[in-house]
Amino acid sequence: MTQTICGKAFHCGDYVNTDVMSPGRFEPYAGPEHVASIALIDYESAVPFVREGEKRADFTVIFAGAEFGCGSARESAPQALHYAGARVVVAHSFARIFYRNCINMGLLLPIELKHPFGPEVTGEQTVIDLESRTIEVMGRRFGFAPFGPVARIIEAGGLTRLNQQALARKAAA
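Since the structure is predicted, the reported quantities are computational estimates derived from the model, not experimental observations.

**Student:** Lay out the pairing of strand E2 (residues 59-64) with the relevant residues and their values.
**Tutor:** In terms of burial, E2 is a largely internal element, six of the six residues being buried. Relative to E2, strand E1 (residues 4-11) runs parallel, the two sharing four bridges. Its bridge partner being in E2, Phe10 is matched across the sheet by Ile62. Pairing analysis gives four bridges linking E2 to strand E3 (residues 88-91), with the strands arranged parallel. When the bridges of E3 are listed, Ala64 appears paired with Ala91.

**Student:** Now, about the sheet that holds strand E6 (residues 134-137): what can you tell me, with residues and values included?
**Tutor:** Strand order in the open sheet formed by seven strands is E4-E3-E2-E1-E5-E6-E7, with mixed pairing between adjacent strands. Each edge of the open sheet carries a strand with a single partner, namely strand E4 (109-112) and strand E7 (140-143). Strand-to-strand twist of the sheet, defined as the mean angle between neighbouring strand axes without regard to direction, takes the value 30°.

**Student:** Please provide a residue-by-residue account of helix H3 (residues 76-84), values included.
**Tutor:** Counted residue by residue, H3 has seven buried out of nine residues, so it is predominantly covered. Those residues of H3 that fall on the buried side of the exposure criterion are Ser76, Ala77, Pro78, Ala80, Leu81, His82 and Ala84. On its buried face, H3 sits against helix H1 (18-21), helix H2 (32-37), E2 and helix H4 (96-105). Looking one or two residues past H3, Gly85 carries a phi angle of roughly 125°, positive in sign.

**Student:** Report on the packing of aromatic side chains, specifying residues and quantitative values.
**Tutor:** All told, the structure shown has 11 aromatic pairs when counted by the stated rule. With a centroid separation of 5.9 Å and an interplanar angle of 20°, the aromatic rings of Phe49 and Phe59 are classed as stacked. Here the residue Phe49 occupies a position in the loop between H2 and E2, and Phe59 occupies one in strand E2, the gap between them amounting to 10 residues. When its relative accessible area of 3% is taken as the criterion, Phe49 is described as buried. Take Phe59: its relative accessible area is 7%, and that puts it in the buried class. Taking 4.4 Å as the distance between ring centres and 45° as the angle between the ring planes, the aromatic pair formed by Phe63 and Phe117 counts as tilted. Taken together, the residues Phe63 in strand E2 and Phe117 in the loop between E4 and strand E5 (125-129) connect sequence positions 54 residues apart.

**Student:** Describe the side chain of Asn101, and please don't skip the residues or the numbers.
**Tutor:** Within the secondary structure layout, Asn101 lies in helix H4. Excluding residues within four positions of it along the chain, Asn101 makes contact with Ala73, Arg74, Glu75, Pro78 and Gly106.

**Student:** Could you give an account of unusual backbone geometry, naming the residues involved and the relevant values?
**Tutor:** In this structure, Pro28 follows Glu27 across a cis peptide bond, with omega equal to -5°. Position of Pro28 among the secondary structure elements: in the loop between H1 and H2. Not every positive phi belongs to a glycine, and Leu40 is a case in point at roughly 55°. With a relative accessible area of 3%, Leu40 lands in the buried category.

Cut-offs used in this document
- Residues numbered from 1 in each chain as written.
- Predicted model: local features only at pLDDT ≥ 70, side-chain atom pairs only at ≥ 80, totals over all residues.
- Heavy atoms only, no water.
- Buried < 20%, exposed > 50% of the residue type's maximum accessible area, 1.4 Å probe, protein only.
- Helix = DSSP H or I, 4+ residues; strand = E, 2+ residues; numbered from the N terminus.
- Pairing = 2+ DSSP bridges.
- Axes fitted to C-alpha atoms, helices over the stretch in contact; angles between N-to-C directions.
- Contact = heavy atoms within 4.5 Å.
- Phe/Tyr/Trp six-rings, centres within 6.5 Å; stacked < 30°, edge-to-face > 60°.

What follows is the structure, given as structure tokens:
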């Protein structure tokens, strides 16, 4: 796993649901570029996550409020954000199913941080150091808690990869 993730930040508020991240009205999705182009399309913001007509966002880190990813258990939600360019979501809290989808799919790194971030972080360069467990944005540094029992899944790049590695070790033994 990459130890440092750098990129521009995007801000979302509280209770951003999975239907806003990848709206069902666009189904069936026609592949990664299509789902990336509609990522957060229904989220009202002065700055769009993905500009109309583009296939990727300029943002690597999403800062959000409470219960990010609430709503239905849409696996396409973390996929949409990932395919659009996001690698990390820093939120006050996550909906449990969204958090588990991020971990198990190995597409987005969810970091829980109880600091309230506002829209002013949008466009700001952000550095996330996984080794020191710190986030730097707007000239400030924040620490975050260890990932605990899911750390092995994160380090492997998702649950499928972790299981593939375990099977390969078993076959080699």
